[in-house]
Amino acid sequence: MAAPRPPRLDAAAEEVAATARAAPDWAALAGAARGCLACPELAGARQHVVVGDVPASGRPRLALVGEAPGATEDETGRPFVGRSGALLDQLLAEAGLDRAQAAVLNVVKCRPPGNRTPKAPEVTRCSGWLHRQLELLDPPAVVALGLSAAKWFLGPRTVLAAARGRAHDVDGRAVWATYHPSAAIRFGPNGAPRAGLLEDLRAVAGTLR
Ligand code: SF4
């Protein structure tokens with residue numbers, strides 16, 4: 001499947017995309033992203049731009065992509081380190097996946113105030129960073145955590161329940177869509193999202209062995 005047609009870019013999104021494309025490596029991209037002011041509301045409220053985690057060396061076998069940073073991520077500058085991150089780490093380990101071998105990213109790099117869903121223009125602007133991150137890291141497999149990330153990869157009409165459980169070919173990458181760990185927390189340890197997330201991570205692990 002080809003990548004979905006990108007939305008029309010405004011001037012700020014064009015600038016982000018051009019700056020990201022010019023970054024020759026991860027360090028240059030991270031440095032540029034940390035100074036990004038493309039979304040005035042988010043830039044004015046954030047403590048950190050949460051650029052993402054990458055393995056210390058080598059090409060990641062997997063990229064985990066969430067929606068946006070939460071409060072703990074904004075405080076620390078690292079992705080998936082709050083309650084959702086703790087559960088993600090636990091389920092990755094249960095599935096036989098090593099977070100240290102994965103890139104951990106978000107669609108939007110700055111925390112939306114009050115943890116609201118990112119607005120469409122914010123997603124569009126921040127997409128330039130994520131596109132370049134995927135180019136530079138070139139992970140063969142991606143897990144989109146939650147509906148926002150799933151829509152970013154698979155298109156705006158994506159229904160999570162229909163999309164999960166199999167790999168989608170997006171620009172030569174195997175993209176899996178599954179629940180966000182926050183849904184697994186919300187529905188509890190016996191809820192369907194936790195079981196579904198673990199099942200999907202196990203399926204991904206099976207393809208990477
Ligand atoms: S959310 Fe993304 S595009 Fe918007 S200010 Fe933060 S880094 Fe820039």
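Coordinates for the structure precede this section.
Note that the coordinates shown come from a computational prediction; the quantities given were computed from them, not determined experimentally.

Novice: Break down the overall build of the protein chain for me, citing the residues and quoting the values.
Specialist: When helices and strands are tallied, the protein chain shows 10 helices and five strands. Computed over its C-alpha atoms, the radius of gyration of the protein chain comes to 16 Å, within 12% of the 17 Å expected for a compact globule of 209 residues. Each principal axis of the C-alpha atoms in the protein chain carries an extent, and together these give about 45 × 35 × 35 Å. Here the protein chain holds 209 residues, and 43% of them are scored as buried. For the protein chain, long-range pairs separated by at least 24 residues make up 72% of all intrachain contacts whose partners lie at least 6 apart in sequence.

Novice: For the site of the ligand, give the residues involved together with the corresponding values.
Specialist: Close to the ligand lie 15 residues, the nearest being Cys36, Ala38, Cys39, Cys110 and Cys126. Considering each element in turn, the shell around the ligand owes the most residues, three residues, to helix α6 (residues 120-137). Per-class residue counts for the shell around the ligand are 12 nonpolar, no polar and three charged.

Novice: I'd like to hear about the nonpolar core, residue by residue, with values.
Specialist: Side chains of nonpolar character tend, in soluble globular proteins, to be buried together. Ranked by size, the top nonpolar core spans 54 residues in total, and within it Val65, Val107 and Ala144 carry the most contacts. For this core, the element with the most residues is helix α7 (residues 147-154), which contributes five residues. Leave out the neighbours within four places in its chain, and Ala144 touches Val65, Ala149, Ala150, Trp152, Phe153, Val175, Trp176 and Ala177.

Novice: Could you give an account of the packing of helix α5 (residues 83-95) against helix α10 (residues 192-208), naming the residues involved and the relevant values?
Specialist: Here α5 crosses α10 at 50°, and the two axes come no closer than 8 Å. Taken as axis vectors, α5 and α10 run oblique relative to one another. For the pair α5 and α10, the crossing hand works out as right-handed. Mapping the contact onto sequence places Leu91, Leu92, Glu94 and Ala95 in α5 and Leu197, Leu198, Leu201, Arg202 and Ala205 in α10. Tallied by class, the residues present in the contact of α5 with α10 amount to seven nonpolar, no polar and two charged.

Novice: A description of the pairing of strand β2 (residues 102-106) should follow, citing residues and the corresponding values.
Specialist: On a regular strand, one side chain projects to one face of the sheet and the next to the other, so that they alternate. In terms of burial, β2 is largely enclosed, as five of its five residues are buried. In this structure, strand β1 (residues 62-66) lies alongside β2, joined through five bridges in parallel fashion. Paired with Leu64 across the bridge in β2 is Val104.

Novice: Just give me the short version of α10, but keep the residues and values in it.
Specialist: Its 17 residues place the ends of α10 24 Å apart at the C-alpha level, agreeing with the 24 Å of an ideal helix rising 1.5 Å per residue. Residues of α10 that are buried include every one of Pro193, Arg194, Leu197, Asp200, Leu201 and Val204, and no others. Looking straight down α10, one finds its buried side chains confined to an arc of 135°; they lie on one side. Contacts from the buried residues of α10 go to β1, α5, β3 (141-145), β5 (173-178) and α9 (181-186).

Novice: How would you sum up the environment of Glu15? Please name residues and give values.
Specialist: You can see Glu15 is positioned in helix α1 (residues 11-22). Separated by 110 residues in sequence, Glu15 and Arg125 have C-alpha atoms that sit 8.6 Å apart.

Novice: Please set out the environment of Leu64 residue by residue, giving values where relevant.
Specialist: Here Leu64 shows up in strand β1. Contact partners of Leu64, with chain neighbours within four places excluded, come to Ala102, Val104, Val143 and Leu145.

Novice: Explain the sheet that holds β1 to me, using residue names and the numbers behind them.
Specialist: Read from one edge to the other, the open sheet built from five strands follows the order β2-β1-β3-β5-β4, with strand pairing classed as mixed. Every other strand in the sheet has two partners, leaving β2 and β4 (168-170) as the edge strands with one partner each. Averaged over all adjacent pairs, the angle separating strand axes in this sheet is 30°, with direction ignored. By the bridge criterion, five bridges tie β3 to β5 in an arrangement that is parallel.

About the thresholds
- Residues numbered from 1 in each chain as written.
- Predicted model: local features only at pLDDT ≥ 70, side-chain atom pairs only at ≥ 80, totals over all residues.
- Helix = DSSP H or I, 4+ residues; strand = E, 2+ residues; numbered from the N terminus.
- Rg over C-alpha atoms; globule rule 2.2 N^0.38 Å.
- Buried ≥ 20, exposed ≤ 12 C-beta atoms within 10 Å, placed from the backbone.
- Contact = placed C-beta atoms within 7 Å.
- Near = placed C-beta within 6 Å.
- Nonpolar A, V, L, I, M, F, W, Y, C, P; charged D, E, K, R; others polar.
- Core = buried A, V, L, I, M, F, W, Y, C linked by C-beta atoms within 7 Å.
- Axes fitted to C-alpha atoms, helices over the stretch in contact; angles between N-to-C directions.
- Parallel < 35°, antiparallel > 145°, perpendicular 65-115°, else oblique.
- Left-handed = near helix turned anticlockwise from the far one by under 90°.
- Pairing = 2+ DSSP bridges.
- Expected span 1.5 Å × (residues − 1).
- Arc of directions from axis to C-beta.

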